[in-house]
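The residues making up each chain are set out below.
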Amino acid sequence: MSITTCRFCAGPLSVPFCDLGATPLANSYVPPAYAAVPDPTFPLNAMACERCLLVQLDHTADATGIFSDYAYFSSFSSTWLAHAAAFCAAATTRFGLTARSFVAEIASNDGYLLKNFVSAGIPCLGVEPAANVAETAIAAGVPTSVAFFGRAEAARIVAERGHADLVIANNVFAHVPDVNDFAAGLALLAGPRGVVSIEAPHLLNLIAGLQFDTIYHEHFFYWSLHAMSQVLAAHGLTVMRVERLTTHGGSLRVMASATPRGDAGDLEAVRQAETAAQLDRPAGYASFNARVGAVLSGLRNHLRPTNGRRIAAYGAAAKGNTLLNAAGITAADIAMVADRNPAKQGRLLPGSRIPVVTPEELLAFRPDEVLILPWNIAPEVAGELRAIRAWGGRLLVAVPTLTEIPIPA
Ligand SMILES: [Zn+2]
């Protein structure tokens, strides 16, 4: 479904930001039996609202197709668990949370974050729409409501448990198409005194680092503090503190309340950085599309012709699919992509139709070049693929520019 007005303020969605063409859904890995069936494609075009400058996709792909194969369990990453535990400890101190407090988390996944509050004896509730994921949380002792979050679910929780002292919404604010219903739910659940804590990848980092490959159909919104402050304010929440995080290529943690208080952290510094980058006016969005086009043509020009090089890729993640499909790269350019996830091995990448293999199969192929698609973990991958040194193979990333990655001895 095509969108012409802002999902938040209904202003004209008229400021071009990043047009990646029509591509398949980035997480729809193709079983070999369907190799001959073309992928359905949907426009992947991010625009900014002329009025509030909230960057959003101008098309909503059919959500039933998007989430049908969704099986992301946050607990798989130890770095992520440490990040969650540190947040819970800091929030407990900052807001004086006790056995008489109430903490709620939206999109609580398998309970990896809330289990820190459970261990500390602080009452909590997760809200998670994926029933199988919620069951894992409940089995681990984390109370969880199976629901999509919005005004209705917030009202139900408040009627049952009262307002929450802390409402956590990490890496979910990009995914909810009805942003007003979601923000209203956050405000309702937090009530007059509670604090809402939101983590979202920061648009300023996306622009500065040319992270266009983090744009995909599941992410409707790309957040600046400028836009997020307006959305929260429309629902009675004032931003009171901002922290800059290194997660997801650079994220913001934004804390807001109907009763703002306490140390503002990086709030003023982030506001100034966004103003300096002109994110508060259309000019700040004007040059991104051309910079992306240069990266895409640079990658194509590097890969074609192959001149006999054996070229593989590593990491069958969503951001790789955005890059490959936007650049028009196929299995004729890159022979295979390795991934540790057994659920992806044996399948084909959507669109590019590059086969997904094990890391061992990739090394047995003895590639001359490996393009590391998840640039954020390139040093770790370089360690894993160090055997490639034996035959003089090279490791590359394409974002933000085509760069060779050093291989550790
Ligand atoms: Zn708007």
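Residues numbered from 1 in each chain as written. Predicted model: local features only at pLDDT ≥ 70, side-chain atom pairs only at ≥ 80, totals over all residues. Heavy atoms only, no water.

Engineer: If you had to explain the overall build of the protein chain to someone new, which residues and values would you point to?
Structural biologist: Scanning the protein chain from terminus to terminus reveals 13 helices and 17 strands. By the compact-globule yardstick of 22 Å for 409 residues, the protein chain fits well, its C-alpha radius of gyration being 22 Å. Considering only C-alpha atoms, the protein chain reaches an extent of 65 × 45 × 40 Å along its principal axes. Counting only contacts in the protein chain whose residues sit at least 6 apart along the sequence, the fraction spanning at least 24 positions is 67%. Looking at the protein chain as shown, the accessible area adds up to about 16600 Å², and 58% of this sits on carbon and sulfur atoms. (Helix = DSSP H or I, 4+ residues; strand = E, 2+ residues; numbered from the N terminus. Rg over C-alpha atoms; globule rule 2.2 N^0.38 Å. Contact = heavy atoms within 4.5 Å. Areas by Shrake-Rupley, 256 points an atom, 1.4 Å probe, with all protein chains shown as cover.)

Engineer: Which residues make up the sheet that holds strand β4 (residues 103–106), and what values do they have?
Structural biologist: Sheet architecture is open: seven strands sit in the order β6-β5-β4-β7-β8-β11-β10, paired in mixed fashion. The strands lining the two open edges of the sheet, one partner per strand, are β6 (144–145) and β10 (238–245). When β4 meets strand β5 (residues 124–127), the two strands line up parallel, connected through four bridges. Opposite valine 103, over in β5, you have cysteine 124 as the bridge partner. With respect to the sheet, helix α6 (residues 179–190) is in contact with β4, β7 (166–170) and β8 (195–201), its orientation differing from that of β7 by roughly 155°. (Pairing = 2+ DSSP bridges. Axes fitted to C-alpha atoms, helices over the stretch in contact; angles between N-to-C directions.)

Engineer: Help me get a handle on the nonpolar core, residues and values and all.
Structural biologist: The nonpolar side chains of a soluble globular protein tend to be buried with one another. Within the largest apolar cluster, 64 residues are counted, with the highest numbers of intra-cluster contacts made by Phe17, Phe212 and Ile215. With six residues, helix α10 (residues 288–303) is the largest single contributor of residues to this core. There are two domains that each give this core at least three residues, and those are domain 1 (74–285) and domain 2 (302–405). Residue contacts for phenylalanine 17: discarding those within four places in its chain leaves Ala46, Met47, Val55, Leu203, Leu206, Ile207, Ile215, Tyr285, Phe288 and Asn289. Within the second largest apolar cluster, 51 residues are counted, among which are Leu54, Ala169, Leu232 and Ala256. (Core = buried A, V, L, I, M, F, W, Y, C linked by side-chain atoms within 4.5 Å. Buried < 20%, exposed > 50% of the residue type's maximum accessible area, 1.4 Å probe, protein only. Domains from an automatic or database assignment.)

Engineer: Break down the coordination of the zinc ion for me, citing the residues and quoting the values.
Structural biologist: Coordination of the zinc ion by the protein involves Cys6 (SG), Cys9 (SG), Cys49 (SG) and Cys52 (SG), with metal-donor separations of 2.2 to 2.4 Å. Taken together, the four donor atoms surrounding the zinc ion define angles of 97 to 120° at the centre, an arrangement classified as tetrahedral. Motif for the zinc ion, donor spacing along one chain: C-x2-C-x39-C-x2-C. Taken together, the positions of cysteine 9 in the segment before β1 (15–23) and cysteine 49 in the loop between β2 (42–48) and β3 (55–57) put the pair 40 residues apart, joining distant regions of the chain. Here the two residues cysteine 9 and cysteine 49 agree in accessibility, since each one is buried. (Donors = N, O, S within 2.8 Å, 3.2 Å for Na, K, Ca; no water. Tetrahedral: all angles 85-135°; square planar, octahedral: opposite > 155°, others 65-115°.)

Engineer: Account for the domain arrangement of the protein chain, naming residues and giving values.
Structural biologist: Considered domain by domain, the protein chain is made up of domain 1 (74–285) and domain 2 (302–405). Placing a centre on the C-alpha atoms of domain 1 and another on those of domain 2 gives a separation of 33 Å. Around 720 Å² of area is buried between domain 1 and domain 2 when both sides are counted, 70% of it from carbon and sulfur atoms. If you sort the residues of domain 1 by the area they bury against domain 2, Phe212, Asp213 and Tyr216 come out on top, with a joint share of 59%. Counting across the domain 1 and domain 2 interface gives zero salt bridges. (Buried area = accessible area lost by both parts, 1.4 Å probe. Salt bridge = Lys/Arg side-chain N within 4 Å of Asp/Glu carboxyl O.)

Engineer: So what about the pairing of β7? Which residues, and what values?
Structural biologist: Within β7, five of the five residues are buried, which leaves the element mostly enclosed by the surrounding structure. Alternating residues of β7 divide into Leu166, Ile168 and Asn170 and Val167 and Ala169, and every residue in both groups is buried. Examined bridge by bridge, β4 and β7 share four bridges and lie parallel to one another. The residue bridging glutamate 105 from the neighbouring strand is isoleucine 168, located in β7. Bridge analysis of β7 against β8 gives five bridges, and the strand direction is parallel. Each residue of the ladder has a partner; that of valine 167, found in β8, is valine 196. Tracing the backbone out of β7, into α6 and back to the parallel element β8 gives a crossover that is right-handed. (Right-handed = clockwise from strand over helix to strand, strands pointing away.)

Engineer: Which residues make up the sheet that holds strand β12 (residues 311–314), and what values do they have?
Structural biologist: One open sheet accounts for six strands, arranged β14-β13-β12-β15-β16-β17; its pairing is mixed. In the strand order of this sheet, the two ends are held by β14 (356–357) and β17 (403–405), each with one partner. The pairing of strand β13 (residues 337–338) with β14 spans two bridges and is classified as parallel. Within β14, the residue paired with alanine 338 across the bridge is valine 357.

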